[in-house]
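What the coordinates show
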Amino acid sequence: MTETSPLDSARRIVVKIGSALLVEESDGSIRHGWLQSLARDLADLHGQGREVIVVSSGAIAVGRHYLGLGNGRLKLEEKQAAAATGQLRLAHAYQESLAAHDITVSQILLTLGDTEERRRHLNARNTLNTLLRHRSLPVINENDTIATSEIRFGDNDRLAARVAAMINAEALILLSDIDGLYTSDPRSDPKAEHIPQIPRLSADIEAMAGQAPPGHSSGGMVTKLAAARIAVGAGCHMAIADGRAEAPLRRLAEGARCSWFLSETEPLAARKQWIAGALKPSGRIHIDAGARQALLDGRSLLPAGVIVVEGNFERGDSVVVCDGAGEEIARGLSAYGADDARRILGHKSRDIETILGYRGREEMIHRDDLVLTTLEKGAAG
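Residues numbered from 1 in each chain as written. Predicted model: local features only at pLDDT ≥ 70, side-chain atom pairs only at ≥ 80, totals over all residues. Heavy atoms only, no water.

**Some points on the packing of aromatic side chains**
By the definition in use, this model includes zero aromatic pairs. In this arrangement the basic side chain of arginine 89 is found over the ring face of tyrosine 66, its NZ or CZ atom lying 3.7 Å from the centre. (Phe/Tyr/Trp six-rings, centres within 6.5 Å; stacked < 30°, edge-to-face > 60°. Lys NZ or Arg CZ within 6 Å of the ring centre and 35° of its normal.)

**Considerations on the pairing of strand 13 (residues 318-322)**
Strand 13 sits mainly inside the fold: five of its five residues count as buried. Alternating residues of strand 13 divide into Ser318, Val320 and Cys322 and Val319 and Val321, and every residue in both groups is buried. Sheet analysis places strand 11 (residues 283-287) next to strand 13, joined by four bridges and oriented parallel. Residue pairing for strand 13: arginine 284 is matched across the bridge by valine 320. (Buried < 20%, exposed > 50% of the residue type's maximum accessible area, 1.4 Å probe, protein only. Helix = DSSP H or I, 4+ residues; strand = E, 2+ residues; numbered from the N terminus. Pairing = 2+ DSSP bridges.)

**Some points on unusual backbone geometry**
Despite not being glycine, arginine 135 has its phi angle at roughly 65°, a positive value. If you trace the backbone, arginine 135 turns up in the loop between helix 6 (118-133) and strand 4 (137-142). If you check the backbone angles, asparagine 168 has positive phi at about 60° while not being a glycine. The topology assignment puts asparagine 168 in the loop between helix 7 (156-166) and strand 5 (171-176). Look at asparagine 168 and you get buried, because its relative accessible area is 13%.

**Description of the packing of helix 2 (residues 32-47) against helix 4 (residues 76-99)**
Running from N to C, helix 2 and helix 4 point in directions that differ by 55°, and their axes come no closer than 9 Å. One element, helix 2, and the other, helix 4, form an angle in the oblique class. Taken as a pair, helix 2 and helix 4 cross one another with a handedness that is right-handed. For the pair helix 2 and helix 4, the contacting residues are His32, Leu35, Gln36, Ala39 and Leu42 in the first and Ala93, Tyr94, Ser97 and Leu98 in the second. In the contact of helix 2 with helix 4, the residues fall into six nonpolar, three polar and no charged. (Axes fitted to C-alpha atoms, helices over the stretch in contact; angles between N-to-C directions. Parallel < 35°, antiparallel > 145°, perpendicular 65-115°, else oblique. Left-handed = near helix turned anticlockwise from the far one by under 90°. Contact = heavy atoms within 4.5 Å. Nonpolar A, V, L, I, M, F, W, Y, C, P; charged D, E, K, R; others polar.)

Keep in mind these values describe shape, not function.
Structure below.
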């Protein structure tokens, strides 16, 4: 790896695979040799203790040929049918390729609403974190079988960026058929210059985007820059890299040319900024002196330290955390709705399942979902 590559220190990585890399345009067949080389790359990262998520295109491109839909423009219902056919074959191909490296693959289908609606976002995030904790490698695609023209992402570049933001990834790699951002379209301008690093997404940078190339891809540089804005805003560095050759991630790690969009903050810090400033609190949780000190020391809020719950909020809503005198000291995302929070307040975490009848989170608010707003900030802020 090169010394300056953000990939060096990234612990959690999202890799987006374009359709043109994975699927032969002529007959819709999966490029198994290329996929096996990618699997070796993913296994290498996995073996280093990294957490990796793949966002894969290609389901429609594979399925349309099995259904005899040809190469022309598809109607929405034809895309959905093609996706239903292709997703099964793609999932099997990923499973087979990674099983050779003793890696368990999991499949998740997402829509735009899954990342924007509060509880669905939280459920998807918790599912992904659980899979990663158990060393599974999630493969994600947009749920084309149920998406409509009104709710579709329209491309998996932005879907990958939303996933990276959702799970606090440090690096997002968009594997495409181009090795990065150029000052103009290199397919039509021989004087176009490659830009290796983009420290800030200015209007001049966004003006460099061209149109999507022909073929299966629904992306293009316009959608990649849109993905970059989402990623860097969430504290995630993003690379556009040429993935056409085999072992694309190894080549990138060894210094292959690409364009890195750099974030000025870290993922967790960006998430906490969002919690502190962008969310309207739906309730208030009052805590005792011991819990207050625990938060100042950078720990999570446990039910045992809660003395009063005010308001009518749902799981995943933003709440204000107050001390015994009613002074705000923090804000966070509650792991429980108000009714359940009232039932378990003052109790030990081990008693939650007995009280509620299900095994929820041990914390009322996890430290990653909490930011201190008092001036007396500790490690959690």
